[in-house]
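Descriptive structure summary
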Amino acid sequence: MRKTFSALAVAALMALPGLSAAPAQAQVVTLGSTATGGTSQIGRSIAAAVSEYSPLQMRPQEMANTADYMPLVNIGEIDFGISNVVQLWYAHHGLGMSAGTPMSELRNVASLMPFRAGFIVPADSDVQSIEDLAGKRVPGFAEGTLGYHVTLAYLANGGLTYDDVVEVPVPNFPRMWDSFREGSTDVTIVVVGSGTNIELDQTLDGVRFISFTDDPERLEAMQEWLPQMYFGQVDADAGIPGIDEPTNIKVYDYTLFAPESVSDDLVYEVTKSLYENEELLRGTSPVWTGFTAEGMSRDVDVPFHPGAIRFYEEAGAWNR
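In this text the structure is predicted, and so the values were computed from the model without any measurement.

**Quick word on the packing of aromatic side chains**
For the structure shown, the criterion picks out 17 aromatic pairs. Judged by centre distance (5.8 Å) and plane angle (85°), the ring pair of Tyr148 and Trp225 falls under edge-to-face. With Tyr148 in helix α5 (residues 146–156) and Trp225 in the loop between α8 (216–223) and β9 (230–234), the pair connects residues that are 77 residues apart, well separated along the chain. The class for Tyr148 is buried, based on a relative accessible area of 15%. The exposure class assigned to Trp225 is partly exposed, which follows from its relative accessible area of 26%. What links up through ring pairs into an aromatic cluster is the set Tyr268, Tyr275, Phe304, Phe311, Tyr312 and Trp318. Between Arg320 and the ring centre of Trp318, over which it is positioned, the NZ or CZ distance is 3.9 Å.

Structural data, given as structure tokens:
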């Protein structure tokens, strides 16, 4: 009898970074992911589903930042990768944070869940709005990085820039969370419902999401830094730490991608394993809220891999 997916996911989580050896007959494929945060949770769930429900064994290759593994996926040294649609779109087109270094070999495999994130502050903070962050200590990322784009987009919702706050330099997201735990920053970025969201809430005796102002002008200001993002609302009954009333958060889609050089058959099998296990994936974490099999073929202005297209056509999920 097969193990349940949830048991397999737990086993994969416990085994990383030294996953147990794959069966001799299974082909091993690699997945670029991060070592912490919501991206890590997504990567481990994908690897567990592929390893359990396909003839492949998928191994996460975890690094500090998406920017570390995305170029390796582009040249085929890593078979698959995951990222938000903003980074994938910029990378494929050679714009924004990938200006001058296009990764034109990247192909979309699946549009995954709406990725929901926002700023949190300690529960007892006097910060009630984005505007209230003026003069506060905010994580400062290197220009051109994802953290730089996300932070400036969030500040733009309140008409602010880095000139209006006190920058506290951080090299990456894990260090940003450490700074918030230590009290050297007044605000940090977290994925709604992620392990980091839960852990920070417990460590700091409560956190609170700052609700974004939802109007077209504020959205346009944020989209200058995060193309294709949109607003979503999370209600108190969602059970998310830090959300005690209806709260506007930032949303963009997450994506699974591969280089054109990966064989159509491998991409087909990976796509199939995710498409056919929608409910199991949704049950692994609140991060997967909003994921649907039918939405996997959603267009994000990045070409799809032929292997993915073949599966979607067979499944009746390709309408182009």
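**Concerning the side chain of Thr271**
In this fold, Thr271 is placed in helix α9 (residues 264–275). Under the relative-accessibility criterion, Thr271 is labelled buried at 0%. Setting aside anything within four residues of it in sequence, one finds Thr271 in contact with Val109, Met296, Ala308, Phe311 and Tyr312.

**A closer look at the packing of helix α6 (residues 173–182) against helix α7 (residues 195–203)**
It is the contact of α6 with α7, at a shortest axis distance of 11 Å, that shows an interaxial angle of 15°. One element, α6, and the other, α7, form an angle in the roughly parallel class. The two elements α6 and α7 meet at a crossing, and its hand is right-handed. Contact with α6, carried on its side by Trp177, Phe180 and Arg181, involves Thr196, Glu199 and Leu200 of α7 and no other residues of that element. Here the residues of the contact of α6 with α7 sort into three nonpolar, one polar and two charged.

**Considering helix α11 (residues 306–315)**
Looking only at α11, the buried set comprises Gly307, Ala308, Phe311 and Tyr312. Buried residues of α11 fall within an arc of 130° about the axis and therefore sit on the same side. The outward face of α11, more than 90 degrees from its buried face, is lined by the exposed residues Glu313 and Glu314. Each element contacted by the buried residues of α11 is listed here: β4 (106–122) and α9. In the segment just after α11, Gly316 is the residue with positive phi, at about 75°.

**Structural notes on the environment of Ala123**
Here Ala123 is to be found in the loop between β4 and β5 (137–140). Judged by relative accessible area, Ala123 falls into the partly exposed class, the value being 41%. When the C-alpha positions of Ala123 and Tyr254 are compared, they lie 28 Å apart, and in sequence the two are 131 residues distant.

**Let's talk about the pattern of salt bridges**
The final tally for this structure, using the stated rule, is 12 salt bridges. Two residues, Arg181 and Asp178, come together in a salt bridge whose shortest N-O distance is 2.6 Å. Of this pair, Arg181 and Asp178 both sit in helix α6, three residues apart, roughly one helical turn. Counted as one network, the salt bridges with shared partners bring together Arg175, Asp178, Arg181, Glu182 and Glu199.

**A closer look at the packing of helix α3 (residues 66–74) against helix α4 (residues 85–93)**
Contact geometry of α3 with α4 gives a least axis separation of 12 Å together with a crossing angle of 45°. Compared by their axis directions, α3 and α4 come out oblique. Viewed along their axes, α3 and α4 form a crossing whose handedness is right-handed. Judged by residue contacts, Thr66, Ala67 and Met70 of α3 engage Gln87, Leu88 and Ala91 from α4. Residue composition of the contact of α3 with α4, grouped by class: four nonpolar, two polar and no charged.

**Regarding the environment of Arg44**
In this fold, Arg44 is placed in helix α2 (residues 37–53). Residues Arg44 and Glu77, spaced 33 residues apart in sequence, show a C-alpha to C-alpha distance of 19 Å.

**Some points on α3**
Thr66, Tyr69, Met70, Val73 and Asn74 are the residues of α3 that are buried. Projected down its long axis, α3 shows its buried positions confined to an angular sector of 145°, all on one face. Gly76 occupies a position one or two residues after α3 and carries a positive phi of about 85°.

**A closer look at the pairing of strand β3 (residues 80–84)**
Of all five residues making up β3, five are buried, and the element is well covered by its neighbours. Bridge analysis of strand β1 (residues 27–34) against β3 gives two bridges, and the strand direction is parallel. Bridge assignment links Leu31 to a residue of β3, and that residue is Phe80. With four bridges joining them, β3 and strand β10 (residues 247–259) adopt antiparallel strand pairing. Each bridged residue has a counterpart across the sheet, and for Asn84 the counterpart in β10 is Tyr254.

Scoring rules and cut-offs
- Residues numbered from 1 in each chain as written.
- Predicted model: local features only at pLDDT ≥ 70, side-chain atom pairs only at ≥ 80, totals over all residues.
- Heavy atoms only, no water.
- Phe/Tyr/Trp six-rings, centres within 6.5 Å; stacked < 30°, edge-to-face > 60°.
- Helix = DSSP H or I, 4+ residues; strand = E, 2+ residues; numbered from the N terminus.
- Buried < 20%, exposed > 50% of the residue type's maximum accessible area, 1.4 Å probe, protein only.
- Lys NZ or Arg CZ within 6 Å of the ring centre and 35° of its normal.
- Contact = heavy atoms within 4.5 Å.
- Axes fitted to C-alpha atoms, helices over the stretch in contact; angles between N-to-C directions.
- Parallel < 35°, antiparallel > 145°, perpendicular 65-115°, else oblique.
- Left-handed = near helix turned anticlockwise from the far one by under 90°.
- Nonpolar A, V, L, I, M, F, W, Y, C, P; charged D, E, K, R; others polar.
- Arc of directions from axis to C-beta.
- Salt bridge = Lys/Arg side-chain N within 4 Å of Asp/Glu carboxyl O.
- Pairing = 2+ DSSP bridges.

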